[in-house]
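Coordinate inspection notes
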Amino acid sequence: MKAEEWFSRRELKDRLIAWTEPFINEYLRANMYFVRGRDVDLVVDTGMGVRRFSEVVPVRPGKPLLALATHIHVDHVGSLHEFADRAGPAYSAADFAVMPDAVTYASSFAALAEPVSRLPSPDWKVEAYTVAPAPLTRTLSEGDALDLGDRRFRVLHLPGHSPDSIALLDEHDGTFLSGDAIYDDQLIDDLPDSDHSSYRATMARILELPVRIAYGGHGEPFDARRLREIARAYIERGQA
Ligand SMILES: [Zn+2]
């Protein structure tokens, strides 16, 4: 199978391209995004790494490309090592050089009844699956700015799903690359390093953000109305 078949590609609004991995079990099937900038291009999350994601990213020779991980979970960092410039949360920065299973949950892949519905290559075995170390070349913290030349994202630290979750908000046009902090699908808050009370605080904060459209780590893009609905439902569930 060609890399172009392994990764399903979609052109979105807001000068974004999204990919997912349709043959990965849906539990670990995440979104990867490409954001074209004037001076710098940006990749947000990199999938499982069972095939080389960098082969399908529209790299322009000589133009800087920054690959960013919204958090260190396996379905977001698998191909991060393929990129020379790697950004991720300051919170978990040291772990990116090692990729310990205790924080990536990589072993959860092999534990699935059907990890893949098609083999990424003929001799591929899930038992041999590991996440390659990808030491960060840039760490990101709350309030940092990510400047692509003609568009600029604010880094938000939004813990709860994981302690290191970050998201990117374009405060000018309301584009929100939210990682797993919020997406329009079943939210995961029962992992060993999830935290319900910080997740509720994150959702309360999200209610106040100037978001126009959200592109999450899983599922389809969603608008501000849906964003607030998801955030409010999470907060109310905690109060019930
Ligand atoms: Zn996650």
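Please refer to the structure placed before this passage.
Description of the structure in this document. (Residues numbered from 1 in each chain as written. Predicted model: local features only at pLDDT ≥ 70, side-chain atom pairs only at ≥ 80, totals over all residues. Heavy atoms only, no water.)

1. A few points about the sheet that holds strand E12 (residues 213-216)
What counts is decided by this rule: Criterion used throughout: strands pair if DSSP finds at least two bridges between them. Comment: elements are numbered from the N terminus, with helices defined as DSSP H or I runs of at least four residues and strands as E runs of at least two.
If you trace the 6 strands from one edge of the open sheet to the other, you get E8-E9-E10-E11-E12-E13, paired in mixed fashion. For this open sheet the edge positions go to strand E8 (145-147) and strand E13 (222-223), each flanked by a neighbour on one side alone. Note: strand E9 (residues 152-157) against strand E10 (residues 166-169), 4 bridges, orientation antiparallel. Its bridge partner lying in E10, Arg154 is registered against Leu169.

2. Brief notes about the coordination of the zinc ion
Put simply, the rule reads: A 2.8 Å cut-off from the metal defines N, O and S donors, relaxed to 3.2 Å for Na, K and Ca; water is not in the atom list, so some sites may appear incomplete. Angle rules define the geometry names used: all angles between 85 and 135 degrees makes four donors tetrahedral, while opposite donors over 155 degrees apart and all other angles between 65 and 115 make four donors square planar and six octahedral, leaving every other case irregular.
For the zinc ion, the full set of protein donor atoms is His71 (NE2), His73 (ND1), His161 (NE2) and Asp180 (OD), at a range of 2.1 to 2.4 Å. Around the zinc ion, the 4 donor atoms sit at angles spanning 86 to 175 degrees, and that spread fits a shape best called irregular. Site description for the zinc ion: donor spacing in sequence, H-x1-H-x87-H-x18-D. Residue His71 is found in the loop between strand E5 (65-68) and helix H2 (74-77), and its partner His161 is found in the loop between E9 and E10; the two are separated by 90 residues along the sequence.

3. Digging into the pairing of strand E11 (residues 175-179)
We count it as follows: When accessible area is computed with a 1.4 Å probe and restricted to protein chains, residues below 20% of their type maximum are described as buried, those above 50% as exposed, and intermediate ones as partly exposed. Here is how to tell: hold the view so the strands point away, follow the path from the first strand over the helix to the second, and if it runs clockwise the crossover is right-handed.
Taking burial as the measure, the 5 residues of E11 include 5 buried ones, the bulk of the element. Every second residue of E11 is oriented toward a common face, with Thr175, Leu177 and Gly179 on one face and Phe176 and Ser178 on the other, all of them buried. Sheet topology note: the E10/E11 ladder contains 2 bridges and is antiparallel. Each residue of the ladder has a partner; that of Leu169, found in E11, is Phe176. Hairpin connection, E10 to E11: the antiparallel pair is bridged by 5 residues, and Gly174 has positive phi, about 80 degrees. Viewed along the sheet, the connection from E11 through helix H6 (residues 196-207) into E12 turns out right-handed.

4. Here we look at the pattern of salt bridges
Which entries qualify depends on this criterion: We define a salt bridge as a contact between a side-chain nitrogen of Lys or Arg and a carboxyl oxygen of Asp or Glu at a distance within 4 Å.
The final tally for this structure, using the stated rule, is 15 salt bridges. The shortest N-O distance in the salt bridge between Arg226 and Glu229 comes to 2.5 Å. Of this pair, Arg226 and Glu229 both sit in helix H7 (residues 224-239), separated by 3 residues, roughly a single helical turn. When salt bridges that share partners are traced, they join Asp14, Arg151, Asp170, Asp173 and Arg212 into one network.

5. Structural notes on empty space enclosed by the protein
Think of a ball as big as a water molecule: rolled over the atoms, this probe shows where empty space is left. Stated formally: Of the grid points, spaced at 1 Å and generated over the protein atoms alone, those admitting a 1.4 Å probe that cannot get out make up cavities, while open sets with protein on both sides within 12 Å along at least five of seven lines make up pockets; any residue with an atom within 4 Å of a point is treated as lining. Grid points are joined across faces, edges and corners, and a volume is the space filled by probe spheres set on the points.
In the structure shown here, the tally under the stated rule is 1 cavity of 30 Å³ or more. What the largest cavity holds in volume is close to 30 Å³. What lines the largest cavity is Asn31, Tyr33, Val44, Asp45, Thr70, Leu177, Ser178, Gly179, Tyr215, Gly216 and Gly217. Among the elements of the structure, E11 and E12 are those that each provide at least two residues to the lining of the largest cavity.

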